[in-house]
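A look at the structure
Here is how the chains run, residue by residue.
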Amino acid sequence: MASYPQNFRFGEFVGSLLWLIFWVLIIVTLVGLPLVFIVLYYVPLPPINGEVLTPFLFLTMAVDPSRTIPIIEHFMTTDLFRVAAFPGFTYAALIAAVTIFVERKFLAKMQLRIGPLYAGKIEGIFQLIADGLKLIAKEIIVPSGADKPIFWAAPIAFVAVAAAVVALIPAAPGYVAADVDVGLLAVFAILGFFPLIALLFSWASNSKYPFIGGLRALHQMIAFEIPFILSALSVVLLSGTLNLTGIVNSQIQSYWFIFFAPISAFVFYISSLAELERIPFDLPEAESEIVAGWLTETSGMIYGLIQLGSYIKTYALAALFVILFLGGWAGPDVFPQEIETPIINIAPLYDPVAANATLWFTLKTFGVIMLMLLPRGISPRIRIDILLHTGWYKLIVLTFINIFIALALIYGGILGPGGLLVR
Amino acid sequence: MADPVFIGVAVLTVGAAIVALETRELIYGAIALAVSMLGIAGFFLLLDAPFVAMFQIAVYVGAVAVLIIFAVMLVRTQALFTTKEDKKRKGAGIALMLIIMISLGALLLASGLNGQFGNFNDSEAIDFREIGQQMLTYYSPTLIIMALTLAGSVIAALALARREDITTTSDGGEEQQHGRTD
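Residues numbered from 1 in each chain as written. Chains lettered and ligands numbered in written order. Predicted model: local features only at pLDDT ≥ 70, side-chain atom pairs only at ≥ 80, totals over all residues. Heavy atoms only, no water.

The next thing to look at is the overall build of chain B. What chain B contains, in helices and strands, is eight helices and zero strands. Along chain B, helices and strands appear, N-terminal first, in the series α-α-α-α-α-α-α-α. Counting over 182 residues, chain B shows a buried share of 15%. Long-range pairs, those at least 24 residues apart, make up 48% of the contacts in chain B with a sequence separation of at least 6. Accessible surface, chain B: about 13,600 Å² in total, of which carbon and sulfur atoms supply 69%. (Helix = DSSP H or I, 4+ residues; strand = E, 2+ residues; numbered from the N terminus. Buried < 20%, exposed > 50% of the residue type's maximum accessible area, 1.4 Å probe, protein only. Contact = heavy atoms within 4.5 Å. Areas by Shrake-Rupley, 256 points an atom, 1.4 Å probe, with all protein chains shown as cover.)

This is the structure:
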């Protein structure tokens with residue numbers, strides 16, 4: 001039982017609550033509302049129902065759905081929505097969160113365990129929220145002698161770089177934050193930052209296990225970067241563009257590239273496992289050898305940020321696999337062309353093409369993510385010399401086989417402009 | 001008149017380069033060098049050459065900067081900074097740099113490039129596909145020479161790494177393999 005002061009009076013309790021409400025009202029009226037109006041004055045608002053949208057109309061939109069829907073529709077076309085919500089950070093972070101939970105349950109089922117059970121009663125679905133709260137509440141310990149600026153900046157940079165990869169991924173036709181002409185190259189250029197961050201963080205930790213882990217991460221990521229890029233090269237040859245949307249469109253016009261470049265797809269899958277430091281390539285984090293590798297000195301939310309970043313990276317690489325080899329958002333139409341909703345008419349927000357594309361893209365991406373989670377349950381860690389040998393000798397040769405197959409397909413007139421299999 | 005983005009990128013590039021030279025911590029110098037190279041990639045983006053910019057990032061930040069940081073971490077830094085630098089030498093260096101930069105700039109302004117500057121702004125950016133096509137048709141000898149140079153250097157690197165006059169113990173055989181595969 002919680003104790004309360006001896007001179008407790010219910011009237012005083014109610015009075016204090018009233019005081020609180022009074023002060024909140026005063027502050028909201030004198031500071032909050034003017035602040036909202038100042039912000040709304042500078043934010044350009046779209047014309048709604050033929051009239052200019054004023055801050056007053058904007059604030060009253062909650063009571064009039066005919067005003068709310070066009071405002072939401074307007075914001076869905078802005079860059080902010082693209083970056084922050086749908087193909088951007090929120091979508092990626094949601095998929096990352098689901099991946100973390102699914103991974104634990106999936107691995108548990110593979111090993112005849114139960115997995116998270118208690119948080120949230122039903123199969124432990126709130127385990128992630130519990131973990132997040134725990135990580136936020138934990139103390140962040142900076143090791144003595146650590147290089148503080150790098151130690152603090154590296155986890156943030158890790159998440160930021162992962163999110164920058166996500167910004168280049170198109171999830172539906174037109175739904176991409178940055179539709180650049182050299183999208184695929186940009187993805188590889190940004191992925192090149194990860195070994196730098198891992199190395200800097202491991203050095204800044206001023207501890208021997210992180211440093212060993214960081215050196216291993218560097219070896220591994222650089223060894224697998226070349227087969228990674230080369231495996232995407234055969235797709236570029238087949239589609240004739242570096243733009244990710246263009247690659248998906250060329251697959252919609254012919255067939256999925258996994259049928260023409262299965263070896264490249266395999267190499268891409270293996271290399272992305274290595275880039276993600278997942279088992280069997282988790283040497284940088286080998287917990288049975290070097291404590292936790294380059295993450296040894298992470299604690300609290302620093303660990304949380306790096307985990308979030310690595311799962312966002314998992315999503316980004318799985319989505320890249322889907323875009324390069326599995327036809328992106330291509331799939332049969334399942335959503336009706338028109339929908340009718342009972343009370344509020346949300347038809348202006350409804351886009352059957354985008355909904356369909358999002359459904360298939362998400363399903364395929366999740367399939368690839370599950371495929372990436374699978375080796376963790378069935379495979380042991382491989383030795384570092386075998387890893388380097390695989391990366392430098394075997395995978396590079398395999399990608400070249402598929403590049404020649406792609407060239408033969410194009411020069412044989414089967415794919416490419418005016419090819420046999422192009423619809 | 002001047003583009004604010006251009007000024008921002010220029011300040012970033014030059015400032016990071018100065019930090020890379022002036023900082024006492026070698027590791028910060030290496031990071032500043034990486035930032036400076038990012039700034040150069042920004043210049044390529046401003047010049048409508050995203051292809052070159054991406055390769056600038058992938059090669060210079062993703063590989064060269066990592067290599068430099070890797071080397072810096074494995075070197076004892078205190079041994080390198082025993083002597084204090086001379087103020088006269090520093091002043092002379094800055095003066096020399098200024099003279100070179102001003103004369104280069106004057107040369108560029110005096111050459112024909114300056115007169116066409118107005119036209120460059122409006123003209124269409126050259127597509128990287130076009131460059132690739134030219135590279136494989138008209139300029140193919142250049143490509144072949146570049147390929148031969150690169151292949152020669154790779155073969156030379158492999159030959160240096162596979163030197164057989166260095167005797168290794170049975171334990172060091174692994175090390176030898178590392179040196180080669182890296």
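If you tally the helices and strands in chain A, you get 15 helices and zero strands. Seen through its C-alpha atoms, chain A measures out along the principal axes to roughly 85 × 60 × 45 Å. Burial statistics for chain A: of 423 residues in total, 46% are counted as buried. Summed over its atoms, the accessible surface of chain A is roughly 21,000 Å², and 72% of this surface lies on carbon and sulfur atoms. Of the charged side chains in chain A, 21 are positive and 25 negative; the average position of the first set lies 11 Å away from that of the second. (Lys, Arg positive; Asp, Glu negative; His and termini not counted. Charge placed at Lys NZ, Arg CZ, Asp CG, Glu CD.)

Our focus in this paragraph is the environment of Asp351 of chain A. All names here are of chain A. Considering the arrangement of structural elements, one finds Asp351 in the loop between helix H13 (301-325) and helix H14 (352-378). Classification of Asp351 as partly exposed rests on a relative accessible area of 35%. With 98 residues separating them in the primary sequence, Asp351 and Gln253 have C-alpha atoms 22 Å apart.

On to the interface of chain B and chain A. Each partner contributes to the interface: chain B provides 27 residues, whereas chain A provides 28 residues. Interface of chain B and chain A: buried area, both sides summed, is about 2,400 Å²; carbon and sulfur atoms make up 74% of it. In this structure, the connection of chain B to chain A is made through zero salt bridges. For the pair chain B and chain A, the interface holds one residue pair in polar contact (both at pLDDT 80 or more). Those elements that provide at least two residues to the side of chain B that touches chain A are helix H2 (26-46), helix H3 (50-73), helix H6 (128-136) and helix H8 (173-181) of chain B. Looking at the side of chain B that touches chain A, its residues break down into 17 nonpolar, four polar and six charged. (Buried area = accessible area lost by both parts, 1.4 Å probe. Salt bridge = Lys/Arg side-chain N within 4 Å of Asp/Glu carboxyl O. Polar contact = N/O pair within 3.5 Å; in protein donor to acceptor, adjacent residues only side chain to side chain. Nonpolar A, V, L, I, M, F, W, Y, C, P; charged D, E, K, R; others polar.)

As a further point, take the packing of helix H10 (residues 208-239) of chain A against helix H12 (residues 262-275) of chain A. For any two helices packed against each other, the geometry is given by the interaxial angle and the distance between the axes. All names here are of chain A. At a minimum axis distance of 8 Å, the contact between H10 and H12 shows a crossing angle of 150°. Between H10 and H12, the angle falls in the class roughly antiparallel. Taken as a pair, H10 and H12 cross one another with a handedness that is left-handed. Counting all contacts with H10, which are made through Gln220, Met221, Phe224, Glu225, Pro227, Phe228, Ser231 and Ser234, the residues of H12 involved are Ser264, Val267, Phe268, Ile270, Ser271, Ser272, Ala274 and Glu275. When grouped by side-chain class, the residues that make up the contact of H10 with H12 number eight nonpolar, six polar and two charged. (Axes fitted to C-alpha atoms, helices over the stretch in contact; angles between N-to-C directions. Parallel < 35°, antiparallel > 145°, perpendicular 65-115°, else oblique. Left-handed = near helix turned anticlockwise from the far one by under 90°.)

All names here are of chain A. For helix H15 (residues 384-411), built from 28 residues, the straight-helix expectation of 40 Å at 1.5 Å per residue is met to within 8% by its first-to-last C-alpha distance of 40 Å. Of all bends in H15, the biggest is about 40°, found at Thr390. All of the buried residues in H15 are Asp385, Leu387, Leu388, Thr390, Gly391, Leu395, Ile396, Thr399, Asn402, Ile403, Ala406 and Leu409. One or two steps after H15, the chain reaches Gly413, where phi turns positive at roughly 75°. (Expected span 1.5 Å × (residues − 1). Bend = angle between axes of the 7 residues up to and from the residue.)

Turning next to the packing of H2 of chain B against H3 of chain B. Close contact between H2 of chain B and H3 of chain B brings their axes to 8 Å; oriented N to C, the two are set at 175°. By the angle class used here, H2 of chain B and H3 of chain B are roughly antiparallel.

A word on unusual backbone geometry. All names here are of chain A. Its identity is not glycine, yet Asn206 carries a phi of approximately 55°, on the positive side. Following the sequence through the fold, Asn206 ends up in the loop between helix H9 (193-204) and H10. For Asn206, a relative accessible area of 46% translates into the label partly exposed.

Think of a ball as big as a water molecule: rolled over the atoms, this probe shows where empty space is left. Residue and element names in this part refer to chain A. Counted according to the given criterion, the structure contains one cavity of 30 Å³ or more. Approximately 50 Å³ is the volume found for the largest cavity. What lines the largest cavity is simply Leu168, Pro170, Val176, Ala178, Asp179, Val180, Gly183, Asn243, Leu244 and Thr245. Looking at the lining of the largest cavity, its residues break down into six nonpolar, three polar and one charged. (1 Å grid on protein atoms, 1.4 Å probe; cavity = no way out; pocket = protein on both sides within 12 Å on 5 of 7 lines; lining within 4 Å. Points joined across faces, edges and corners; volume = space filled by probe spheres on them.)

Another point: the packing of aromatic side chains. Throughout the structure, instances matching the rule amount to 22 aromatic pairs over all chains. Ring centres of Tyr138 of chain B and Tyr139 of chain B lie 4.9 Å apart, and the angle between their planes is 85°; on these two criteria the pair is classed as edge-to-face. Members of the aromatic cluster, joined through ring pairs, are Phe151, Phe158, Phe194, Phe201 and Trp294 of chain A. When the ring centre of Tyr209 of chain A is taken as origin, the NZ or CZ atom of Lys208 of chain A, which lies over that ring, is 5.8 Å away. One cation-aromatic arrangement involves Lys313 of chain A over Phe194 of chain A; the distance from NZ or CZ to the ring centre is 4.0 Å. (Phe/Tyr/Trp six-rings, centres within 6.5 Å; stacked < 30°, edge-to-face > 60°. Lys NZ or Arg CZ within 6 Å of the ring centre and 35° of its normal.)

What follows concerns the environment of Leu407 of chain A. With respect to the element layout, Leu407 of chain A can be found in helix H15. Distance in space between the C-alpha atoms of Leu407 of chain A and Ser234 of chain A is 8.1 Å, their sequence separation being 173 residues.

All names here are of chain A. Looking at the second largest pocket, its volume works out to about 1,100 Å³. Lining the second largest pocket we find 43 residues, and of these Ile100, Tyr303, Gln307, Tyr311 and Arg376 sit closest to its centre. Listed by contribution, the elements that provide at least two residues to the lining of the second largest pocket are helix H5 (89-110), helix H6 (127-137) and H13. Per-element accounting of the lining of the second largest pocket gives the leading share, ten residues, to H13. Of the residues contributing to the lining of the second largest pocket, the split by class is 21 nonpolar, nine polar and 13 charged.

Let us look at a nonpolar patch on the surface. A surface patch of nonpolar side chains, amounting to about 890 Å² of accessible area, comprises Phe8, Phe10, Phe13, Val14, Leu17, Leu18, Leu20, Ile21 and Leu25 of chain A. Along the chain, Leu18 of chain A turns up in helix H1 (residues 10-42). (Patch = residues over 30% accessible without salt bridge, like charges linked within 9 Å, V, L, I, M, F, W, Y side chains within 5 Å.)

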